Amino acid sequence: MSANKEAAPALEVHNLTATYDRQPVLWDIDFSLPEGSLAGILGPNGSGKTTLLRNIMGLMQPDSGYVRLLGQDLAKVRAQVSYVPQRESVDWNFPVSVSEVVAMGRYGPGKLLRRLRRQDRDIIEEAMERTGILPLAHRHISQLSGGQQQRVFIARALAQQAQIYLMDEPFVGVDAATEEAILNLLGEMKNRGHTVIMVHHDLQTAQDFFDQAVLLQTRLVAAGPVETVLNKENLQQAYGGRLNVLSKVGQLAAEKQFPLREKAFRERKKPAHGESD
Amino acid sequence: MEKVIDFLSFQDPTVRLVVAGTVLLSISAAVVGCFAYLRKRALVGDALAHSLLPGVAMAFLFSGQKDPWLLLLGAMISGWLALGAMELIQQHTKLASETSIALVLSVFFGFGVLLLTYLQHHGGGDQAGLDQFLFGNAASMRSSDLYAYGLVGMVLLVMIGAFYKELKLYCFDPDHAEAIGLPTRILRYLLNTMTVLATAIGIQSVGVVLMAALLITPAATARFWSYRLRTMLFLAALGGAVAGLGGSFASYLAPAMPTGPWIVMVLSFLALVSIFLAPRVGIFARMWRQRQNQRKIIRENLLKAFYHGLENKEAQHAWLSRPEWQEQRHLPEWEWQIGFRQLRRRRWVLRRSGRYRLTERGLAEARRVVRLHRLWELYLSRYLALGKDHLHPGAESIEHLITPEVEKELLRELDYPEQDPHRSPIPYKS
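The sections below set out a description of the structure shown in this document. (Residues numbered from 1 in each chain as written. Chains lettered and ligands numbered in written order. Predicted model: local features only at pLDDT ≥ 70, side-chain atom pairs only at ≥ 80, totals over all residues. Heavy atoms only, no water.)

## A closer look at the packing of helix 3 (residues 42-63) of chain B against helix 11 (residues 184-200) of chain B
All names here are of chain B.
And then number 1: Here helix 3 crosses helix 11 at 65°, and the two axes come no closer than 10 Å. The handedness of the crossing between helix 3 and helix 11 is right-handed. Residue-level contacts link Leu-48, Ala-49 and Leu-52 of helix 3 to Thr-195, Val-196, Thr-199 and Ala-200 of helix 11.
And then number 2: For the contact of helix 3 with helix 11, the per-class residue count stands at five nonpolar, two polar and no charged. (Axes fitted to C-alpha atoms, helices over the stretch in contact; angles between N-to-C directions. Helix = DSSP H or I, 4+ residues; strand = E, 2+ residues; numbered from the N terminus. Left-handed = near helix turned anticlockwise from the far one by under 90°. Contact = heavy atoms within 4.5 Å. Nonpolar A, V, L, I, M, F, W, Y, C, P; charged D, E, K, R; others polar.)

## A word on the sheet that holds strand 4 (residues 64-69) of chain A
Residues and elements named next belong to chain A.
And then number 1: An order of 2-1-4 is seen for the three strands of this open sheet, with the pairing classed as antiparallel. Pairing within the sheet leaves two strands with one partner each, and these edge strands are strand 2 (23-33) and strand 4. Between one strand axis and the next, the sheet turns through 20° on average, direction left out of account.
And then number 2: Lying over the sheet, helix 1 (residues 49-56) contacts strand 1 (11-20), strand 2 and strand 4, oriented at roughly 115° with respect to strand 1. (Pairing = 2+ DSSP bridges.)

## Some points on the packing of helix 8 (residues 143-162) of chain B against helix 11 of chain B
Residues and elements named next belong to chain B.
And then number 1: In contact at an axis separation of 10 Å, helix 8 and helix 11 are set at 150° when each is read in the N-to-C sense. Considering the angle they form, helix 8 stands roughly antiparallel to helix 11. Considering only the axes of helix 8 and helix 11, their crossing is left-handed. Residues Val-152, Leu-156, Met-159 and Ile-160 of helix 8 lie in contact with helix 11, whose contacting residues are Leu-190, Met-194, Leu-197 and Ala-198.
And then number 2: Looking at the contact of helix 8 with helix 11 residue by residue, the classes come out as eight nonpolar, no polar and no charged. (Parallel < 35°, antiparallel > 145°, perpendicular 65-115°, else oblique.)

## Quick word on the side chain of His-400 of chain B
Residues and elements named next belong to chain B.
And then number 1: Along the chain, His-400 falls in the loop between helix 19 (391-398) and helix 20 (404-414).
And then number 2: In terms of polar contacts, His-400 uses its side chain to reach the side chain of Glu-300, at 2.7 Å.
And then number 3: With sequence-adjacent residues up to four places away left out, His-400 is seen in contact with Lys-296, Ile-297, Glu-300 and Asn-301. (Polar contact = N/O pair within 3.5 Å; in protein donor to acceptor, adjacent residues only side chain to side chain.)

## Focus: the sheet that holds strand 9 (residues 219-225) of chain A
Residues and elements named next belong to chain A.
And then number 1: Read from one edge to the other, the open sheet built from six strands follows the order 5-6-7-3-8-9, with strand pairing classed as mixed. The sheet terminates laterally at strand 5 (81-84) and strand 9, the two strands that pair on one side only. The sheet shows a mean angle of 15° between the axes of neighbouring strands, taken without regard to direction.
And then number 2: Pairing of strand 3 (residues 38-42) with strand 8 (residues 212-217) involves four bridges; the strand directions are parallel. Paired with Ala-39 across the bridge in strand 8 is Gln-212.
And then number 3: On the sheet, helix 6 (residues 176-191) packs against strand 3, strand 6 (164-168) and strand 7 (195-199) and is oriented at approximately 145° with respect to strand 7.

The following block contains the structure:
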């Protein structure tokens, strides 16, 4: 691992622009989050919250800009980052059991052609215990409630034993038990100095859950400590409708299939600064 | 008859070879097909099978012989072109993916038929029996063909064994596979190549037109019986093997008959049986469950009626006559018969010279049903803002559904109430 751990922020998003079929979804997003923070990515529907997460996880290539985790490219710190997607992103009729899904948290490029070890099994069991799904270990995943399915995904992320957790709306459609389990985990992560970055849509609870906030509306409205971000003016900007000119330009780009950046100005991943390696 | 015995005794080495080859390639197609099925790529499999035809015809056109390895190479190339074409169409046009699949299927298959027709008239394809590639003929395979296809089938099975856990993850949640740094692009190529190969080795025995059935039907059938991928793969392999055996048997008995349709017949039979007989999801299982529910409803309604009769007489453990019991609830005679038989069988009711009494267990059960009914009415009126006159119908069916766990929660939520919204007492244990 790199020596500049203290200095580097947990997450650095640099001038990130992303489009779907040339329709811009994120415009020049630029912010960073310190290590050990519990951060909420907030904003109205369609403001690009999930897209931002997918770009951070490398599941989508940005048109321009780059992301750095723990001061490094994702490829170098993958093992330190774990991702909890939205529950609907998979088919819950797939023929696997709860413990099999959680075990997937222990898979990795270094484990091709190899069975999981006993040590992996122990970690998997502990992750299930911490999310309260150990009694369901042998159930087929379609037999679970929505909240239990969410906890399966969280257990899988825990089994990865990462330092940064990215979660996409884990609170959506879950029961009280699951909500409590997630909140307990957040507290625990915080105590261990881990970073949690969570897409969230409920402003009411955001103040209580998070210490950092990123407020999106296809552009970045504000990022920083939650008290300073969630003020009336910022919320008005985020929820009071889109910027007229910006959305018109976006539509133009999609209609004419125009690139948002000329080639010479596209910023791609640069080697991480300085002393690492 | 003699031929049947001949076949079943496996004395003839050619029979043994044909059977072994067909069964092996059926197994590998069925196992590979499970992954295509789980990725919801069943249609792609069909398009792919059809798209192999031009490659096979080309291989024959250029080499002038029916060498299995050359045919496989030709099939590979044309299968990959078809996959690439589908992907390109999806990326660069706004056509729905099923449109791109249909387009590629028809264009490739049409071109293949064109080539085949040309070969039959000009290239000596007639003698080579190229028309077998359309519907398959297992008995026409030579030993060199069988060795080649069998070997490829084995390699496919070994590959799946080796990358089992990664393939499982990739099919279930490709994003997670990508996020933890698995080589997802390679996994996708691997799966696609395996699908192409699994289809290609079957074209001679099953034919391109029906090969998709061998890829997808065993998977769909196995899914009815299994909730684990491992079991599913095993059952699909078993189904494929049975179909392969049936197909080669038919082909041996009637060499003029194409094999593909026979294999499809066997597979469809297995699928049909599964649709009816599968546990939990099968049609019979569903019907059985409906019947059980119906009986529970009748039984509990009878108990409830008895309890209401007791309430009217303000006496418990009393004997009721049949009319006293029945006036509480008007059920058709057959429902009374069924319900009463069930109460008797459970020893919940006693009869003495035309009068009836609930046993201790029966009374407890009756109290439970009435309690749930009244609790649910209370819950509805409190939380769903329903008027008093609208409560009863909802509670009529929910009372049969609520489990002891839900009842506990309901009681806690309502804080152990004494009366329902109609001021009837809620019966707890006496």
